[in-house]
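# Working through the structure, step by step
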Amino acid sequence: MSHHGVGAGQRPAGARGPLGSAAAAARARATTPEPRPKHGPSRRHQRNAVALLAAGALAVPLLAGCGSDDEGSKPLAGQDIVPVARDAVAEGGTLKMAVDAVPETLNTFQADADAGTTRVAQAVLPSMFTIDRTGRPVRNPDYLESAKVIETEPRQVVLYKLNQQAVWSDGREIGAADFAAQWRALSGRDSAYWTARNAGYDRIAQIERGANDLEVRVTFERPYADWKSLFSPLYPMDVMGTPDTFNDGARRKLTVTAGPFRVDKVDTATKDVVLTRNPRWWGRPAKLDEIDLHAVDREKRASALAAGTVDVADIDEAEAERINVAGREKGTELPLQGAGKTSAKKLRSWALTLGMDEEKLPEGPKKLRRSIAKWLEQQHELRDFDVRKSLEPAYTQLALNGSQGPLADERVRRAVARALDRQALARLVLAPLGLPAVPVGSHVALSGQAAYTDGSGAIGGLDTHEAEALLADAGWVAGGPVKDPGRAAGAEDEKKSDKKKDDGEQGDESDGGHDGQFIVGEDDKNSKDSYDKDTRDHQKDHAHGAPGAYAPKGTAAPRGAGAPAGPLAKDGKALSLRFVLPSGPGSETLQSVAGQISKMLDRVGIATEIKKVPDDSYFKDHIAAGQYDLALYSWPSSAFPATDARPIYAKPAVAADGSLNIEQNYTRIGTDQVDQLFDQALGTLDEDEADGLLRKADSRIWASAGSLPLYQRPQIVGARKGLVNVGAFGFQTPVYQDMGFLKKGAKTSPSPSR
């Protein structure tokens, strides 16, 4: 269940985990981690946006993208929340929601905020703007009567007119003092505040009271297109007023709130955050008495639903299938009774027929009987749940590390892009779920959002011949001499990895070969590519783009059509790329996608060495540290891409201390042109002009081939039947006061999932 605005400072996710859309996740600046003072997060400051005048070297055709302006007119998948009118929702009750962990902080502007932090903030704090079902910001009438730009010269001025009923839970009116306190805390001018982000707040020059106490006048030093992203959430001056209260005052408690719910308690022992109705709430009253956010491990979600520990939870495909199967079964008889003994082999076979995880089955008939009995009991309870699904406002990408090795050559990166069948990869993940299997065509927006247009034409679609020509032009040839067969061109960090193991770092315990490694093209020589025919058919329709942009136009493929690629080499080194993946629970989808990508690359002569690593080291030791060639992870889509996408694609710059500031650009590929386009989009107040600039930036990002969007992530939620206005929200910010249980006798509309 996606709940937008992932916590500040949050890193991108792998193939799993709620990511939420928007704004807050990408708004944090990512740099090399600094030491943290006390228990607080590191201080990070957005660099000032500077219009860069120098033109980059990138020059390829079709940079305007390929797609009509109306492509993003609607989301690919609708919401699945069992929507009903408020009068069909019963009064009272407690809703138990699964979260990954009890939040370390309730302050969304700190670096260790997470999705749980965001859920609490959405339910208990003001947001001037929320996100609608198309991924666009909309005014929140519970707090705002209006908000608009009233002056542009000499400086931009926004006037907020507040709802006259809006008050904090201590009775004080929400007003200019709260806005000003949040601006000062997040402006980046006082280093005593341990902030994770200050994008937008660093552009404010002044905040003052308007004509009366209900008006707030915000003056900007420089034009800021994404002004609607600010003050959502808005914290009281009690939290933002001093560095001490900001850093420590809202980590485990929020005494003063202003939403339909308030924070009753944070109980780390029971792993609960308890929210109860706010008696001072002036808007539509909450239908529920209480919402409990309960921490449940991802691999235990189905068990928690069956046990009644939670009523609603984000789940994976396997758990969704369990719920669907439970709903279809009327009863299951097993060979568990009778005088005779049932062999362990028969029990094991039956367990597998039921869909139980073979790797988790115990040995011996007694333990197997107990395990099967528990499974069947859970299946009986899961009949009371259904699966709600949509597309999450986030996309999974293939990241190519352009800082070293073969991928430092843009021609090799482009060859990787032309070798991929992105349609097949989207189909692999989404088709089994009955969701639209459409590849993502933009780095800055998703279908349904204003800035969305498919810009992938800037690099071209699947064309293995063009990929081979690009590799040949880059000097990678088949049958070349390899001085050290054990030393591939993309494995510069092997010595570092070996040293870590010598120092005690544990290797991966997955079944991906020795030490988690599996080399496609060597260990998989006898495997048959199941997608060969689809690839040939797809190429006929998708061999567009910029052929000859790097290889001379008309260059023949290095090998005959249909011939196996064979190993490529250059300067005595074989072409092999390190493909780093997480190995923990829930990573099966990523691993399946990676397997197909590796086979696609093998067809053009690019070998891949798949390395599965523990989840806790995947990001910090590999992605952030640049110790990978290829990786899969996800970014949230934002309603404010000029602000939130810029640090993801910013050109790395050398900081004053000599370190390399990559912000959130973990591919380490950027251009002055892209930076300039983002800065221009951020500085215009014409929304259509901003969208056009963002589309141009997206085309250039595609052309540089550092990040290849693959598919929009599936959003799968298990929910108790009878729960309404809850489930897979898609883009939209949840409306917590409308959630609840269906009244007796009330009817619901059919779910789009069923």
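Residues numbered from 1 in each chain as written. Predicted model: local features only at pLDDT ≥ 70, side-chain atom pairs only at ≥ 80, totals over all residues. Heavy atoms only, no water.

## Remarks on the sheet that holds strand β6 (residues 204-209)
Strands belonging to one sheet form pairs held by backbone hydrogen bonds; the direction of such a pair is parallel or antiparallel. The test is simple: Pairs of strands are assigned from DSSP output, requiring at least two bridges between the strands. Helix numbers and strand numbers start at the N terminus; a helix is a DSSP run of H or I with at least 4 residues, a strand a run of E with at least 2. Only the stretch in contact is used when a helix axis is fitted, and all axes are lines through C-alpha atoms; the angle between N-to-C directions ranges over 0 to 180 degrees. By definition in these notes, contact holds between two residues if any of their heavy atoms fall within 4.5 Å.
The strand order across the open sheet built from four strands is β4-β5-β7-β6, with neighbouring strands paired in antiparallel fashion. A strand with exactly one partner marks an edge of an open sheet, and here the two such strands are β4 (144-151) and β6. Each neighbouring strand pair of the sheet contributes to a mean axis angle of 15°, computed without reference to strand direction. The pairing of β4 with strand β5 (residues 157-162) spans six bridges and is classified as antiparallel. Following the sheet pairing, V149 is matched in β5 by V158. Running over the sheet, helix α3 (residues 176-186) touches β5, β6 and β7 (215-220) and is turned about 160° from β6.

## A word on the confidence of the model for the protein
As a note on interpretation, predicted positions should not be read in detail where pLDDT is low. Which entries qualify depends on this criterion: As a per-residue quantity, pLDDT reports the predictor's confidence and falls between 0 and 100.
The predicted model of the protein averages 82 in pLDDT, with 75% of residues at 70 or higher. For residues 15-72, every residue scores under 50 in pLDDT, and the model assigns this stretch 193 contacts once sequence neighbours within four places are set aside. Every residue in residues 335-340 is under pLDDT 50, and counting partners more than four places away or in other chains gives ten contacts.

## Thoughts on a negative patch on the surface
To be explicit about the condition: Like charges are joined within 9 Å and nonpolar side chains (Val, Leu, Ile, Met, Phe, Trp, Tyr) within 5 Å, but only among residues with over 30% relative accessible area and no salt bridge; these make up the patches. To be clear on the numbers: accessible area is Shrake-Rupley with a 1.4 Å probe, and residue cover counts the displayed protein chains and nothing else. The salt bridge criterion pairs a side-chain nitrogen of Lys or Arg with a carboxyl oxygen of Asp or Glu, the two atoms within 4 Å. When charges are counted, Lys and Arg are positive and Asp and Glu negative, with His and the chain ends excluded. All charge positions are set by atom: Lys at NZ, Arg at CZ, Asp at CG, Glu at CD.
Taken together, the side chains of D316, E317, D357 and E588 present a region of like negative charge at the surface. Secondary-structure assignment places D357 in the loop between α8 (344-354) and α9 (365-381).

## Observations concerning the packing of helix α19 (residues 672-683) against helix α20 (residues 687-704)
Rule in force here: What sets the label is the angle itself: under 35 degrees gives roughly parallel, over 145 gives roughly antiparallel, 65 to 115 gives roughly perpendicular, and the rest give oblique. Left-handed describes a crossing in which the near helix is turned anticlockwise from the far one by less than a right angle; the clockwise case is right-handed. Each residue receives one of three labels: charged for Asp, Glu, Lys and Arg, nonpolar for Ala, Val, Leu, Ile, Met, Phe, Trp, Tyr, Cys and Pro, and polar for the others, Gly being one of them.
Contact geometry of α19 with α20 gives a least axis separation of 8 Å together with a crossing angle of 165°. As judged from the angle between their axes, α19 and α20 are roughly antiparallel. Judged by the twist between their axes, the crossing of α19 over α20 is left-handed. On the side of α19, the interface is formed by Q673, V674, L677, F678, Q680 and A681, while α20 contributes A690, L693, L694, K696, A697, R700 and I701. In terms of residue class, the contact of α19 with α20 is made up of nine nonpolar, two polar and two charged.

## Description of α19
Filter applied, for reference: By this rule the span expected of a helix is its residue count minus one, scaled by 1.5 Å. Think of it in three bands: with a 1.4 Å probe and only protein chains considered, a residue is buried below 20% of the maximum accessible area for its type, exposed above 50%, and partly exposed in between.
Counted at 1.5 Å a residue, the expected span for α19 with its twelve residues is 16 Å, and the 16 Å between its end C-alpha atoms agrees. Along α19, ten of the twelve residues are buried, which leaves the element largely enclosed by surrounding structure.

## Here we look at the packing of helix α7 (residues 317-328) against α9
Pairs of packed helices are described in terms of their axes, by the angle between the two and the distance that separates them. Here α7 crosses α9 at 75°, and the two axes come no closer than 8 Å. Relative to α9, the element α7 is oriented roughly perpendicular. On α9, the residues that touch R322, V325 and A326 of α7 are W375, Q378 and Q379. The residue makeup of the contact of α7 with α9, split by class, is three nonpolar, two polar and one charged.

## Considerations on the pairing of β6
Working note: regular strand, side chains alternate between the two faces of the sheet. Pairing geometry for β6 and β7, over five bridges, is antiparallel. By the bridge assignment, R209 is partnered in β7 with V216. Between β6 and β7, which pair antiparallel and follow one another directly, the connecting turn spans five residues.

## Some remarks on unusual backbone geometry
Note that the residue after E153, namely P154, is joined by a cis bond; omega there is 0°. Following the sequence through the fold, P154 ends up in the loop between β4 and β5. Here the bond from S232 into P233 is cis, since omega is 5°, no more than 30 degrees from zero. Within the secondary structure, P233 is located in the loop between β7 and α4 (237-240). Its identity as a non-glycine residue notwithstanding, V82 has a phi of 50°, on the positive side. We classify V82 as buried; its relative accessible area is 10%.

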